[in-house]
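Each chain is listed here by its residues.
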Amino acid sequence: MLLLIICASIAAIFVYALLINKMKGLPPGPPPLPFFGNLLQTDQDMVKVLAGWKRRYGKVFTVWMPEPTVFIADHELLQEHIVRNGDKYGDRVAIPLLAGEGGEGLGLLFNSNAIWREQRRFALHTLRNIGFSSVAYQVGCPMFRRDVVNVATKELTIRYAHEIVARWKSEGANGKPIDLSYGIMVGVSNIVWQQLFGRTLPFDDPLFAQVRAHTRVMIDMVMDPLITFIPLIPQIRHLSRFFGSSVERSIAASKAFNELVKKELEIVKSNVNVDEEPTCYSEAFLEEMRKRSNAGEDLGTFSEKQLFAACGDLWIAGFETTVTTLRYAFHFMINNRGVQEKCQREIDERIGKRVIQMADQKDLHYCNAESLRFSSINMNTPRQVSEDVTIAGYEIPAGTGISPEFSLVHIDPELYERPDFFCPERHLNDQGELVKDPHFTPFSIGKRNCIGEGLARMQLFLFFTTFIQHLSFSSVSKIPPELKEIITLLRYPDKYEVVVESRD
Ligand code: HEM
């Protein structure tokens, strides 16, 4: 009898796995297990796994995580649905624990309501304005020799880039191998922190390393199988001590991160000067609250809880992504010395030794290409459809998860010959000019595309070009290091060291 029950259960699991997508009218996909879905197959290099599923099941496929999520991995379909019918694809699936206070419908990343719509507009507008306003630069930069000056964000980025170059020169003197991570981390942190809270910190201040450590734990734990079950079994969160370290560590990191953001907002509130133009996102937010309150208007979606959640989301979305892209770029440079030399030649011929500005971007085609395609950070952040839709002939009901998977478009061999080959030339025409490529969308598309694209592109350009203008980067041994990656919700290059040589 027991044998019969076991055989019947196994047969039922097989039937479920093979037929569930068909029965629900969903696109085909890897057979899911009851309850677990495909989660046991997702704790690895997701872009590779998804590319395999695309080859097997086609341009639209279903992955159960553990709820069904429809992946769209084709440029034309992404344009048709995510861009031209964007309104239906603007909602998000909340990610447990990372959603933090935003999980209550607040923030910018994981909410899907009227709060998100108004707050996204406000954040886009504010980040654009802040970029041109004045900020205090508190670090004595050897190149500029002033301790406190007022500069715009672009200028601030240039100054940090030069400060980092000076530090790497001394740290890496006499061929001593160095890890670029700390310098890149401090540069990017200061730019994003300044945008959010209006202040920068000295190079050796330990705060950024602490914030980074907490956010890394939060991001890295998202794909942990236990955490992915929180939407199905919310009690896991409260019983964390019985479920092992991943849930506990993630909750502790999220609490510690929230404390640091709260402290920073207290500093903003106590220093804000209401008679002056806001210099950062938080000041602009508080100013909007004050304006509405003084006019006797309803505060609408503006509240201190929303400010807190939005700052957390902007940091999580904006910091590690930029640091990681730069760390990949330099790994590619030491593995492709010919590319690095071409970048340097382009800078030498068109800019020389003067300070590189954003306006130079139009002349530095070669430097701008390929790193972003090659380091597609990882699978996209899932959304969900707000009404019934038909994708490639499949009727997808409202509320189903959707992942616009442009990372798979970036490695589509029909669009990019030998996609795993790092080759900036593929983006250039015969005159060496950058060709606009509609298939290449590293900041995503549609209603939930990246709101920090301008800020990120500015940092990537100014940091990257200034670094290789003044330094040459090479590997520690004759054989360049293999690209070892840590794969979680994001993908990071593992720690690597380089040798730097001054070009000045
Ligand atoms: C190299 C750096 C960056 C990359 C590659 C990147 C990429 C992305 C991607 C792929 C998305 C998801 C879009 C989707 O759901 O389809 C996103 C969303 C987002 N990004 Fe970025 N990002 C970067 C930097 C930044 C920066 C600097 C900020 C701001 C400080 C930022 C803020 C956001 C926010 C708030 C969202 C959520 C938008 C929404 O859901 O409405 N990102 N980003």
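Residues numbered from 1 in each chain as written. Predicted model: local features only at pLDDT ≥ 70, side-chain atom pairs only at ≥ 80, totals over all residues. Heavy atoms only, no water.

## Topic: the site of the ligand
And step 1. Close contacts around the ligand come from 25 residues, with Arg92, Arg120, Arg383, Ser444 and Cys450 the closest.
And step 2. Between the ligand and Arg383, the relevant distance is 2.5 Å, taken from an oxygen atom to a side-chain nitrogen or oxygen of the residue.
And step 3. One of the side-chain N or O atoms of Ser444 is found 2.5 Å from an oxygen atom in the ligand.
And step 4. Mapped by element, the contributors of at least two residues to the shell around the ligand are α4 (114-130), α12 (304-335) and α17 (453-470).
And step 5. A per-class count over the shell around the ligand returns twelve nonpolar, nine polar and four charged. (Near = heavy atom within 4 Å. Polar contact = N/O pair within 3.5 Å; in protein donor to acceptor, adjacent residues only side chain to side chain. Helix = DSSP H or I, 4+ residues; strand = E, 2+ residues; numbered from the N terminus. Nonpolar A, V, L, I, M, F, W, Y, C, P; charged D, E, K, R; others polar.)

## Quick look at the environment of Phe332
And step 1. Within the fold, Phe332 resides in helix α12.
And step 2. As a C-alpha pair, Phe332 and Ser371 span 39 residues in sequence and 7.8 Å in three-dimensional space.

## Observations concerning the coordination of the iron atom of the ligand
And step 1. Coordination of the iron atom of the ligand by the protein involves just one donor, Cys450 (SG), at a distance of 2.3 Å.
And step 2. Note on placement: Cys450 falls in the loop between α16 (406-409) and α17. (Donors = N, O, S within 2.8 Å, 3.2 Å for Na, K, Ca; no water.)

## Re the packing of aromatic side chains
And step 1. A complete count under the given rule lists 21 aromatic pairs for this structure.
And step 2. Where Phe285 meets Phe302, the ring centres are 4.8 Å apart and the plane angle is 50°; that geometry is what we call tilted. Taken together, the residues span a long stretch of sequence, with Phe285 in helix α11 (residues 281-294) and Phe302 in the loop between α11 and α12 at a distance of 17 residues. With respect to class, Phe285 is no different from Phe302; both count as buried.
And step 3. Ring geometry for Phe463 against Phe467: centres 5.7 Å apart, planes inclined by 25°, an arrangement best described as stacked. One end of the pair is Phe463 and the other is Phe467, both in helix α17 and four residues apart, which spans about a single turn. (Phe/Tyr/Trp six-rings, centres within 6.5 Å; stacked < 30°, edge-to-face > 60°. Buried < 20%, exposed > 50% of the residue type's maximum accessible area, 1.4 Å probe, protein only.)

## A few points about a nonpolar patch on the surface
And step 1. Residues Leu2, Ile6, Ile10, Phe14, Val15, Leu18, Leu19 and Met23 make up a contiguous nonpolar surface patch of about 830 Å² in total accessible area.
And step 2. Within the secondary structure, Leu18 is located in helix α1 (residues 2-24). (Patch = residues over 30% accessible without salt bridge, like charges linked within 9 Å, V, L, I, M, F, W, Y side chains within 5 Å. Areas by Shrake-Rupley, 256 points an atom, 1.4 Å probe, with all protein chains shown as cover. Salt bridge = Lys/Arg side-chain N within 4 Å of Asp/Glu carboxyl O.)

## Some points on the packing of helix α6 (residues 181-197) against α12
And step 1. Put simply, α6 and α12 touch, their axes get as near as 9 Å, and they point 150° apart. By the angle between their axes, α6 is roughly antiparallel relative to α12. Along this stretch, α6 crosses α12, giving a crossing that reads as right-handed. When α6 is examined against α12, the residues Ser181, Ile184, Met185, Val188, Ser189, Val192, Trp193, Leu196 and Phe197 are found in contact with a partner set consisting of Cys311, Leu314, Trp315, Gly318, Phe319, Thr322, Val323, Leu326 and Arg327.
And step 2. In terms of residue class, the contact of α6 with α12 is built from 13 nonpolar, four polar and one charged. (Axes fitted to C-alpha atoms, helices over the stretch in contact; angles between N-to-C directions. Parallel < 35°, antiparallel > 145°, perpendicular 65-115°, else oblique. Left-handed = near helix turned anticlockwise from the far one by under 90°. Contact = heavy atoms within 4.5 Å.)

## Looking at the nonpolar core
Burial of nonpolar side chains together is a common tendency in soluble globular proteins.
And step 1. If you look at the biggest cluster of nonpolar residues, it comprises 115 residues, and the most contacted ones within it are Tyr281, Phe330, Phe467 and Phe473.
And step 2. Residue contributions to this core peak at 16 residues, all from α12. (Core = buried A, V, L, I, M, F, W, Y, C linked by side-chain atoms within 4.5 Å.)

## A look at the environment of Met333
And step 1. The topology assignment puts Met333 in helix α12.
And step 2. Other than its neighbours up to four places away in sequence, Met333 contacts Val339, Gln340, Phe422 and Phe464.

## Comments concerning the packing of helix α5 (residues 153-171) against α6
Two quantities define a packed helix pair, namely the angle between the helix axes and the distance between the axes.
And step 1. As a packed pair, α5 and α6 sit with axes 9 Å apart at the nearest point and diverge in direction by 160°. One way to sum up the angle between α5 and α6 is to call them roughly antiparallel. For the element pair α5 and α6, the recorded crossing hand is right-handed. Contacts from Thr153, Leu156, Thr157, Tyr160, Ile164 and Trp168 of α5 reach α6 at Gly183, Ile184, Gly187, Asn190, Ile191, Gln194 and Gln195.
And step 2. The class makeup of the residues in the contact of α5 with α6 is six nonpolar, seven polar and no charged.

## What about the UniProt feature "binding site: heme" (unreviewed entry) in the protein chain?
And step 1. Those residues carrying the UniProt feature "binding site: heme" (unreviewed entry) are Cys450 in this numbering.
And step 2. By relative accessible area, Cys450 is classed as partly exposed at 32%. (UniProt positions renumbered as here; feature names shortened; annotations may be inferred.)

## Examining helix α13 (residues 337-350)
And step 1. For α13, spanning 14 residues, the distance from its first C-alpha to its last is 20 Å, which sits close to the expected 20 Å at 1.5 Å a residue.
And step 2. The set of residues buried in α13 consists of Val339, Gln340, Cys343, Gln344, Glu346 and Ile347. For α13, the buried positions fall inside an angular range of 155° around the axis, keeping them on one side.
And step 3. Backbone geometry just after α13 places Gly352 at a positive phi near 75°. (Expected span 1.5 Å × (residues − 1). Arc of directions from axis to C-beta.)

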